[in-house]
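Structural description and commentary
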Amino acid sequence: MKLSIITVTYNAASVIEPTIRSVMQQSYGNYEYLLIDGGSSDDTVEKAKASGMKFAHIVSERDKGIYDAMNKGMLLATGD
């Protein structure tokens, strides 16, 4: 079974690295990781890209809030 893990962010540079590290430390390996960012003005996306995580998708654009961002992620997800 393939899992889709979706993290939605906005100006989350201070917490994105431990969040990604937590996903990387999971023992279950059949997953895809999607980062949906609301167009952050800090370095959230840059830190994510530098983390070493192989993201299935990184989207960074303005959205209408957390539920809109999650819906974007769900449309891109291919997990079971």
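Above this text sits the structure in question.
Residues numbered from 1 in each chain as written. Predicted model: local features only at pLDDT ≥ 70, side-chain atom pairs only at ≥ 80, totals over all residues. Heavy atoms only, no water.

**Brief notes about the overall build of the chain**
Selection rule: The helix and strand labels rest on DSSP assignments: H or I over at least four residues marks a helix, E over at least two residues marks a strand, and numbering proceeds from the N terminus. Here the globule rule is a power law, 2.2 Å times the number of residues to the power 0.38, and the radius of gyration is based on C-alpha atoms. Should any heavy atoms of two residues lie within 4.5 Å, those residues are counted as being in contact. For the accessible areas, the method is Shrake-Rupley and the probe is 1.4 Å, while residue cover comes only from the protein chains on display.
The helix and strand inventory of the chain stands at 3 helices and 3 strands. Reading the chain from its N end, one meets helices and strands in the order β-α-β-α-β-α. Over its C-alpha atoms the chain spans a radius of gyration of 12 Å, differing by no more than 12% from the 12 Å that the globule rule assigns to 80 residues. If you line up the chain on its principal axes, its C-alpha atoms span 35 × 25 × 15 Å. Taking the contacts inside the chain whose residues are at least 6 apart along the sequence as the reference set, 68% of them involve residues at least 24 apart. Approximately 5,100 Å² of the chain is accessible, and the part contributed by carbon and sulfur atoms is 52%.

**A short note on the sheet that holds strand S3 (residues 57-60)**
The criterion, for reference: Strands pair, by our definition, only if DSSP identifies at least two bridges between them. The axes used here are C-alpha line fits, helices contributing only the stretch in contact, and every angle between their N-to-C directions lies in the interval 0 to 180 degrees.
Spatially, 3 strands are ordered S1-S2-S3 in an open sheet, and the strand pairing comes out parallel. Strands with a single pairing partner mark the edges of an open sheet, and in this sheet they are strand S1 (3-9) and S3. If you compare each strand with its neighbour and ignore which way they point, the axes differ by 15 degrees on average. Sheet topology places S1 next to strand S2 (residues 31-37); 7 bridges connect them, and they run parallel. Along S2, the bridge assignment pairs Ser4 with Glu32. Against the sheet, helix H1 (residues 13-24) touches S1 and S2, its axis set at about 165 degrees to S2.

**Some points on the environment of Thr44**
Put simply, the rule reads: Counting of polar contacts relies on pairs of N or O atoms within 3.5 Å, with two restrictions inside protein: one atom must be capable of donating a hydrogen and the other of accepting it, and residues adjacent in sequence are counted only when both atoms are side-chain atoms.
With respect to the helices, strands and loops of the structure, Thr44 is situated in helix H2 (residues 44-49). When the C-alpha positions of Thr44 and Ser4 are compared, they lie 20 Å apart, and in sequence the two are 40 residues distant. Not counting the four nearest positions on each side in its chain, Thr44 is found in contact with Thr9, Asn11, Ala12, Ala13, Ile16 and Asp37. At a separation of 3.0 Å, a polar atom in the side chain of Thr44 contacts the main-chain amide nitrogen of Ala13. Of note is the side chain of Thr44, whose polar atom sits 2.6 Å from the side chain of Asp42.

Take it as geometry only, folks, not as evidence of what the structure does.
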